[in-house]
Amino acid sequence: MEFKDFLKKSLEDIKSKNLYRQRIVLSKDTVNFSSNDYLGLRDNQKTKEKLLKNIDNLDLGSGASVLVSGYHPVQQELEDFIANFKQTESCVVVGSGYMANVGLLQAITNEDDVIFSDELNHASIVDGIRLSKAKKVIYRHLDLEDLEDKIKSLDVKGKKFIITDGVFSMEGDIAPLDKIVEIADKYDAVLIVDDAHGTGITGEGRGTLNHFGITPKDNIIQVGTLSKAVGSYGAFICGSKLLVDFLVNKMRSIIFTTGLSPIQNFISLENFKLLSKEDYRRVDVLEKAKYLYNGLKSVGIEINFHNTPILSYVVGSEEKALKIRDKLLENNIFIQAIRPPTVPKGTSRLRITVSHKNSYKEIDRLLEIISNI
């Protein structure tokens, strides 16, 4: 089969299963309920004004890997700020959340190790485990009995790792880290928390560990993103100084990729400062999410609410999810239809995310249209 025929046939197969994806250009009038910009920071005026004042002191690009072309002071300042915010000894900033998880898991594991992973962890974790040399063991979603049964039944020659999302991206549910930490301590395992959707939202904004009153320690690694509640781009890994020094020397997605631009790091730093000071954004978005949840219940849509900005309206079939998405878009409201392989087959859904920037009037409009659909 020729390559172009392979591509054509594969796309036809994807379309026949209602799994075809395309990038939708949204007009300025479209109200977006699919953004991860939970705190409305991605285009805030305060950071724009500070950037304009400082633009002459910031390079447009980093030039190369920070180990090759140098480490810009603004990146060091950003890392120090995040480490302090996350109450850890140290932090390293990398290009994206995907690069953080893939690079971290490759760097810290070997063939004698075992990674115990929640079955609904993010794709970047799944791919990171695949690319590592460690053995993978999948435990049922949030099932701590299953996790403990599996961790105690294996004779592990090397290190043990437990990895979980802090807040799960598709449902918005929160991992019971208080209990998972107990299991990690009991079986001498390292806990890795991907807090991409928890940072800025849970634990008064400090994240899911803080939500459960857990003090970070050497056997806990926190991964997070700068592209969601922080409203910028990039990611970070927080932990001990020893861990970060090791990653700088061993993590391929630090060593062999160009660093984020000083401008991008400046934006992240200023937005993170606002996140830490302006808690009203977090309080507001959670109040709006609860308002939407109660509104959906009132029109007969039963969904779960986990006190996060993520509301998952599971409709089942891919075709139905697409039809609802398109009908909403006709009314200038955008909610993306999430389909396999992002979610298990038969659980296609509208993943509704609320932002601080969404008004109650926009939420009422969404409720009106979706009830008619």
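Relevant structure appears above.
Since the model is a prediction, treat every value here as computed from it, not as a measurement. Residue numbers run consecutively from 1 along every chain, following the written order of its sequence. For this predicted model, a pLDDT threshold of at least 70 governs which residues receive local features, and a threshold of 80 or more governs which side-chain atom pairs are given and counted, while totals over whole chains, interfaces and linings are taken from all residues. Side-chain calculation: all heavy atoms of the structure are included, whereas hydrogens and water are not.

Bringing the packing of aromatic side chains into the picture now. Between 30 and 60 degrees the pair is tilted, below 30 it is stacked and above 60 it is edge-to-face, where a pair is any two Phe, Tyr or Trp rings, Trp via its six-membered ring, whose centres lie within 6.5 Å. Across all of its chains, the model carries seven aromatic pairs by this definition. Ring geometry for Tyr293 versus Phe305: centroids 5.2 Å apart, planes at 20°, classification stacked. Residue Tyr293 is found in helix H13 (residues 280–298), and its partner Phe305 is found in the loop between H13 and strand E9 (310–316); the two are separated by 12 residues along the sequence. Taken together, Phe81, Phe85, Phe236 and Phe272 form an aromatic cluster joined through their ring pairs. We call a charge positioned over a ring when the NZ of a Lys or the CZ of an Arg lies within 6 Å of the ring centre and within 35 degrees of the ring normal. It is Lys15 that lies over the ring of Tyr20; its NZ or CZ is 4.7 Å from the centre. We count a stretch as a helix when DSSP gives it H or I for four or more residues in a row; a strand needs E for two or more, and each element gets its number in order from the N terminus.

Turning our eyes to something else, we now look at the pattern of salt bridges. For salt bridges, the criterion is a side-chain nitrogen of Lys or Arg within 4 Å of an Asp or Glu carboxyl oxygen. Under the criterion given, the structure shown has 26 salt bridges. Measuring nitrogen to oxygen at the nearest pair gives 2.7 Å for the salt bridge that ties Asp185 to Lys217. Taken together, the positions of Asp185 in helix H8 (residues 177–186) and Lys217 in the loop between helix H9 (208–211) and strand E7 (220–225) put the pair 32 residues apart, joining distant regions of the chain. A relative accessible area of 38% means that Asp185 is categorised as partly exposed. Note that Arg282 and Asp279 form a salt bridge whose closest N and O atoms lie 2.8 Å from each other. Only protein chains enter the accessibility calculation, which uses a 1.4 Å probe; a residue whose area is less than 20% of its type maximum is buried, one above 50% is exposed, and one in between is partly exposed. With relative accessibility at 14%, the residue Arg282 sits in the buried group. Members of the salt-bridge network, linked through shared partners, are Lys50, Glu77, Glu270 and Lys273.

On their own, these measurements won't tell you what the molecule is for.
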